[in-house]
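# Inside the fold
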Amino acid sequence: MLRLSRLMALWAALILGVAAAAPEVAFASPDAKIDQQIRPCFGLLIQPNLSHGCKVRYAKPKPCPRGYYRSRSGRCVISNGGGGYGPGGGRYVSREINCDYAYPGQISDTLARLYDGDTITLTSSEGGACVDSLNITQSVTIVVRNYTPGPGRPILVAPADQPCIKIAPGVQFVVLEGLGIESRRGGSASCIVGRATEIALKDVTVRYDGDASAFDIGDSRIELSNVTFIGRTRSAVVKATGTIMASDVEIAATAIGGAFETAGDSRLRDIRIVRLGDWTGSSRTRNSAGFVISGMNRQQLVTIDGLYVDGFSRGVYIGGGDETTLLRPVVRDSDWAVTVENANLRLNDGELEAVDVGLYVASGIAYASHNKIVGVMRSGIYADAGGQIRAVDNRIYARPEGCKALVSGFFDGELTCRPWFEAPELYRTQRDRARLDYDTYWPADSIGAQTPMAASNPPPELADDAASAGLAGGPRPYRTLQQGGAPK
């Protein structure tokens, strides 16, 4: 019994001793406490971007394109559940498309998966073209790399009876730079069409063959720079309404060059419009018009500097608007060079060649100064009862022979001599025979040399025409017309 009591006392003493010694051990081991505090921050040299405590902040991955989500593996997967490797399925969508190998519709597929305001780059080092009709529903910039527009070498071709580019209303902006666009069988669809947007074209060439227009943009802000439109259509090749800023634009048309309706102050500089020879001598040529401005209200000021129009029955038509200024225009081979109706026009330093009338004012007011009008048979400057003309220092060189020079025999001269447009099956001038058609026309600067057709049929100078008409002291020659493209 005594032995058991001693054993119990020893056991109690051991328990009390351990309890008393535990705090001493804890307070006697500060290294253990420090180790406990810094242990979560191990790996500082491997992940030095420690911000809050010892937490590591990893870089956020780039968001997936529209229509995709990021899976647990970190890849962008199409949101409809597909994970295959079809057209963009399960993969990151590239912003660069090689049109030498692109499948039809690839640009549209890429546009549908990009963010608003993204950029697409088209390449074509071997001359291939992307076949597609673009439906743009958000802002986008389309540029090119390793590509220069050339004859028969577009980079974007529209399918038959479909537009090349269709812009949905309300798109903030669309920028096209360096593209060669072609619509070979446009039908009733225009090539570039849109409304209520802002569009900018730079270094772009558009070829269109159809019943509508190569460029049809309405109620928009339009900026054109170094752009060429070539169209075989009975409609206007370029139709634009809104605020227009254009420079160095060339239009080759078979019937109507450009039809503009400004909705704000607009400025156009170095616009060149040339008629193609496809329908020369037909009734379509009789109704042709080069540059048309109409439908303006009384709040716009339009300045047109360096306009060149060649080969249209009605060279320039101005209808409506607060004030339109034509500076240094050149109109060649026309019937009515400049026509004004219900508008105020200032015409300065112009060179007008017309068969019928140089400046015709049906209604409104025209201020004409320092203009040269050549080759007219009826009148150099003419106004109807509703029109007013303020003219000073203009030179007019009429064509003296006209109908009076014809030998009518036993017929009345008034019955046998009529204006050319009443006999449209005939050519007006020798220049008509030398005109290039839609298939052979290309801007001269892009080709680098004129085609054999233009070289074999050089157009006569205006000075030669004036000399042949017996005009003593005729005006100085016009700038030579390059049949491979309008003069610069």
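Above this text you will find the structure in question.
Note that this is a predicted model, so its numbers are computed, not measured.

Once that is clear, we can look at the pairing of strand S12 (residues 192-195). Residues Ile192 and Gly194 line the buried face of S12, whereas the alternating positions Val193 and Arg195 sit on a face that is not buried. In terms of strand pairing, strand S9 (residues 165-167) meets S12 through 3 bridges, oriented parallel. Opposite Ile167, over in S12, you have Gly194 as the bridge partner. Inspection of the sheet shows S12 paired to strand S15 (residues 215-232) by 4 bridges, in the parallel sense. Bridge pairing in S15 links Val193 to Asp216.

What follows covers the state of the cysteines. For the structure shown, the criterion picks out 2 disulfides. Covalently, Cys99 is tied to Cys130 through a disulfide, its sulfur atoms 2.0 Å apart. Residues Cys99 and Cys130 are joined through a disulfide that is left-handed, its torsion about the S-S bond being -95°. Here Cys99, found in the loop between strand S3 (96-98) and helix H3 (106-111), pairs with Cys130, found in strand S5 (residues 130-131); they are 31 residues apart in sequence, far enough to count as distant. For the pair shown, Cys99 and Cys130 are each scored as buried. Here Cys164 is linked by a disulfide to Cys191, with a sulfur-sulfur distance of 2.2 Å. For the disulfide bridge between Cys164 and Cys191, the dihedral angle about the S-S bond is near -105°, and by the sign convention the bridge is left-handed. On the criterion of sequence distance, the pair formed by Cys164 in the loop between strand S8 (156-157) and S9 and Cys191 in the loop between strand S11 (180-183) and S12 is long-range, its members being 27 residues apart. The class of Cys191 is buried, set by a relative accessible area of 0%.

This next bit is on the packing of aromatic side chains. Under the criterion given, the structure shown has 4 aromatic pairs. Residues Phe215 and Phe229 carry aromatic rings whose centres are separated by 5.6 Å and whose planes lie at 55° to one another, so their mutual orientation is tilted. Residue Phe229 is classed as buried on the basis of its relative accessible area, which comes to 0%. With centroids separated by 5.0 Å and ring planes inclined at 75°, the aromatic side chains of Trp336 and Tyr360 adopt a geometry described as edge-to-face. Here Trp336 is found in strand S24 (residues 330-341), whereas its partner Tyr360 is found in strand S26 (residues 351-369), with 24 residues between them in sequence. Among the residues examined, Trp336 registers a relative accessible area of 12% and is labelled buried. Within the aromatic cluster, the residues linked to one another by ring pairs are Trp336, Tyr360 and Tyr382. Across from the ring centre of Trp279, 4.3 Å away, lies the NZ or CZ of Arg284, which sits over that ring. Positioned above the aromatic ring of Tyr367, the side-chain terminus of Arg346 is 4.6 Å from the ring centre.

So, about the environment of Val171. Along the chain, the position of Val171 falls in the loop between S9 and strand S10 (174-177). The class of Val171 is buried, set by a relative accessible area of 6%. With 32 residues separating them in the primary sequence, Val171 and Ser139 have C-alpha atoms 5.8 Å apart. Beyond its immediate sequence surroundings of up to four residues, Val171 is in contact with Ile136, Thr137, Gln138, Ser139, Ala196, Thr197 and Glu198.

Reading the values: the criteria
- Here the residue numbers are simple positions, counted from 1 along each chain's written sequence.
- Residues qualify for local features only when their pLDDT is at least 70, as the model is predicted, and side-chain atom pairs are given and counted only at 80 or more; totals for whole chains, interfaces and linings, by contrast, use all residues.
- Only heavy atoms go into the side-chain values, all of them from the structure, while hydrogens and water stay out.
- Only protein chains enter the accessibility calculation, which uses a 1.4 Å probe; a residue is then buried when its area is under 20% of its type maximum, exposed when over 50%, and partly exposed in between.
- Secondary structure elements are defined from DSSP: runs of H or I of at least 4 residues count as helices, runs of E of at least 2 residues count as strands, and each element is numbered from the N terminus.
- At least two DSSP bridges between two strands are required for those strands to pair.
- Any two cysteine sulfur atoms lying within 2.5 Å of each other are counted as a disulfide.
- A pair of aromatic rings is counted whenever rings of Phe, Tyr or Trp (Trp by its six-membered ring) have centres within 6.5 Å, and the orientation is called stacked for planes under 30 degrees apart, edge-to-face for over 60 and tilted otherwise.
- Working rule: Lys NZ or Arg CZ, within 6 Å of ring centre, within 35 degrees of ring normal, means a charge sits over the ring.
- Any pair of residues with heavy atoms lying within 4.5 Å of one another is described as a contacting pair.

Taken by themselves, the reported measurements are silent on function.
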